[in-house]
Amino acid sequence: MAILITGASAGFGEAMSRAFVAAGYTVVGAARRADKLKALAAELGDGFFPLEMDMSRTESIHDALHNLPEHLREIDCLINNAGLALGLDSADSAEFADWETMIQTNIIGLTFLTRQILPQMVARKAGYIINIGSIAGTYPYPGGNVYGATKAYVRQFSLNLRADLAGTNVRVSNIEPGLCGGTEFSNVRFKGDDERAAKLYENVQFIRPEDIAETALWLYQRPAHMNVNSIEIMPVAQSFGALPVVRDAVPPVAAGEQNFEKQSTSLFAKIKSWFK
Ligand code: 8X3
């Protein structure tokens, strides 16, 4: 029996690999970067099996699973951690290629891998899917457009899985972190602009990857009858703001109302004529 963790080469995935191995479980750590996985394997020893897998390509996921040694093919817990945000531009100017990459990895990759693993869990009537969502899947913010939408998908997919898995004992949770530092998340989002990424975490006590790793381990170790549907985690320093209202903006002109001035003038003339 193994714990399969995607995106294991850095951030949450790396921290979760450490936490699960330290707790005595066998981890299959999947990621693209073989060198990083190798280093982690050297550190963690027999409890960690590195698996090269590119979550943005379904063939890569398929092949990697088929290359797993026999004794690691039974997955008791799948942690769908791999995912990314690319860019923070407004929807009308964002790179469409970035959107495609996020959809491909955060939605298609996660869904495909889950679909590959689920049958064995259902057959055994045991297992656990832990998805890594985001607060961005619940709370919209400017520039979050497709990234937030992919995480909203992960949230609803998690809940819908629970509906399908009723009676199978397979558990599903969605961990929804807020501002979390110590990962490559923002460096990736800002495409290597590390200064911009670092600014986001300046003078803030953010959530650490270890916090998320401990949460995942805690979830996995809950009694088999207990399912945490979702768990939203923010640093104390992060909170909510009021919904913005745009003032002094050019009033919107709805289709069909373009001639409003003309229409209203003629209407005014009509009303005036009634009082003649
Ligand atoms: C990461 C949290 O707020 O940067 O998913 O989108 S946020």
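In what follows, the accompanying structure is described. Since this is a predicted model, take the numbers as computed values, not measurements. (Residues numbered from 1 in each chain as written. Predicted model: local features only at pLDDT ≥ 70, side-chain atom pairs only at ≥ 80, totals over all residues. Heavy atoms only, no water.)

## Focus: unusual backbone geometry
Here's step 1: Phi angles above zero are rare outside glycine, and lysine 191 is one such case at about 50 degrees.
Here's step 2: If you trace the backbone, lysine 191 turns up in the loop between α6 (185-189) and α7 (194-199).
Here's step 3: Lysine 191 sits in the partly exposed class, given a relative accessible area of 49%.
Here's step 4: Unusually for a residue other than glycine, aspartate 248 sits at a positive phi of about 55 degrees.
Here's step 5: For aspartate 248, the location among the structural elements is in the loop between β7 (230-233) and α9 (260-274).
Here's step 6: By relative accessible area, which is 84% here, aspartate 248 ends up exposed. (Helix = DSSP H or I, 4+ residues; strand = E, 2+ residues; numbered from the N terminus. Buried < 20%, exposed > 50% of the residue type's maximum accessible area, 1.4 Å probe, protein only.)

## Some remarks on the packing of helix α4 (residues 96-124) against helix α5 (residues 145-164)
Here's step 1: In contact at an axis separation of 8 Å, α4 and α5 are set at 15 degrees when each is read in the N-to-C sense. Relative to α5, α4 is oriented roughly parallel. Crossing handedness for the pair α4 and α5: right-handed. Taking contact as the criterion, the partners of Trp99, Met102, Ile103, Asn106, Ile107, Leu110, Thr111, Thr114 and Leu118 in α4 are, on α5, Asn145, Val146, Tyr147, Thr150, Lys151, Tyr153, Val154, Phe157 and Leu161.
Here's step 2: Grouping the amino acids of the contact of α4 with α5 by side-chain chemistry returns 12 nonpolar, five polar and one charged. (Axes fitted to C-alpha atoms, helices over the stretch in contact; angles between N-to-C directions. Parallel < 35°, antiparallel > 145°, perpendicular 65-115°, else oblique. Left-handed = near helix turned anticlockwise from the far one by under 90°. Contact = heavy atoms within 4.5 Å. Nonpolar A, V, L, I, M, F, W, Y, C, P; charged D, E, K, R; others polar.)

## Considerations on the nonpolar core
Nonpolar side chains tend toward joint burial in soluble globular proteins.
Here's step 1: Ile3, Met16, Phe20, Phe48, Ile79 and Ile175 are the most contacted members of the largest nonpolar core, which totals 32 residues.
Here's step 2: Among the secondary structure elements, those contributing two or more residues to this core are β1 (2-6), α1 (11-22), β2 (27-31), α2 (34-44), β4 (75-80), β5 (127-132) and α8 (209-220).
Here's step 3: Those residues within four positions of isoleucine 3 in sequence are excluded, and the remaining contacts are Phe20, Tyr25, Thr26, Val27, Val28, Cys77, Ile79 and Tyr220.
Here's step 4: Within the second largest apolar cluster, 27 residues are counted, among which are Leu4, Ile61, Val154 and Val170. (Core = buried A, V, L, I, M, F, W, Y, C linked by side-chain atoms within 4.5 Å.)

## Details of the site of the ligand
Here's step 1: Around the ligand sit Ser134, Ile135, Ala136, Tyr141, Tyr147, Pro177, Gly178 and Phe185, and that is every residue in its neighbourhood.
Here's step 2: Between the ligand and serine 134, the relevant distance is 2.6 Å, taken from an oxygen atom to a side-chain nitrogen or oxygen of the residue.
Here's step 3: Between tyrosine 147 and the ligand, the recorded distance is 2.5 Å, taken from a side-chain N or O atom to an oxygen atom.
Here's step 4: Contact with the protein chains hides 83% of the accessible area of the ligand, taken as 250 Å² for the molecule alone.
Here's step 5: The residue makeup of the shell around the ligand, split by class, is six nonpolar, two polar and no charged. (Near = heavy atom within 4 Å. Polar contact = N/O pair within 3.5 Å; in protein donor to acceptor, adjacent residues only side chain to side chain. Areas by Shrake-Rupley, 256 points an atom, 1.4 Å probe, with all protein chains shown as cover.)

## A short note on the packing of α1 against α8
Two packed helices can be described by the angle between their axes and the distance between those axes.
Here's step 1: Where α1 meets α8, the axes come as close as 8 Å, and the angle between the chain directions of the two elements is 50 degrees. It follows from the interaxial angle that α1 and α8 lie oblique. Note that α1 runs across α8; the crossing there is right-handed. Touching Gly11, Phe12, Ala15, Met16, Ala19 and Phe20 of α1 are Pro209, Glu210, Ile212, Ala213, Ala216, Leu217 and Tyr220, all from α8.

## Thoughts on the sheet that holds β1
Here's step 1: Taken in spatial order, the seven strands line up as β3-β2-β1-β4-β5-β6-β7 in an open sheet, and their pairing is parallel. Edge strands, defined here as strands with exactly one partner in the open sheet, are β3 (48-52) and β7. Taking the axes of each pair of neighbouring strands and ignoring which way they run, one obtains an average angle of 15 degrees across the sheet.
Here's step 2: The sheet contact formed by β2 and β3 spans five bridges and is parallel. Counterpart to alanine 31 in the pairing with β3 is glutamate 52.
Here's step 3: Relative to the sheet, α1 contacts β1, β2, β3, β4, β5 and β6 (170-177), its axis offset from that of β1 by approximately 165 degrees. (Pairing = 2+ DSSP bridges.)

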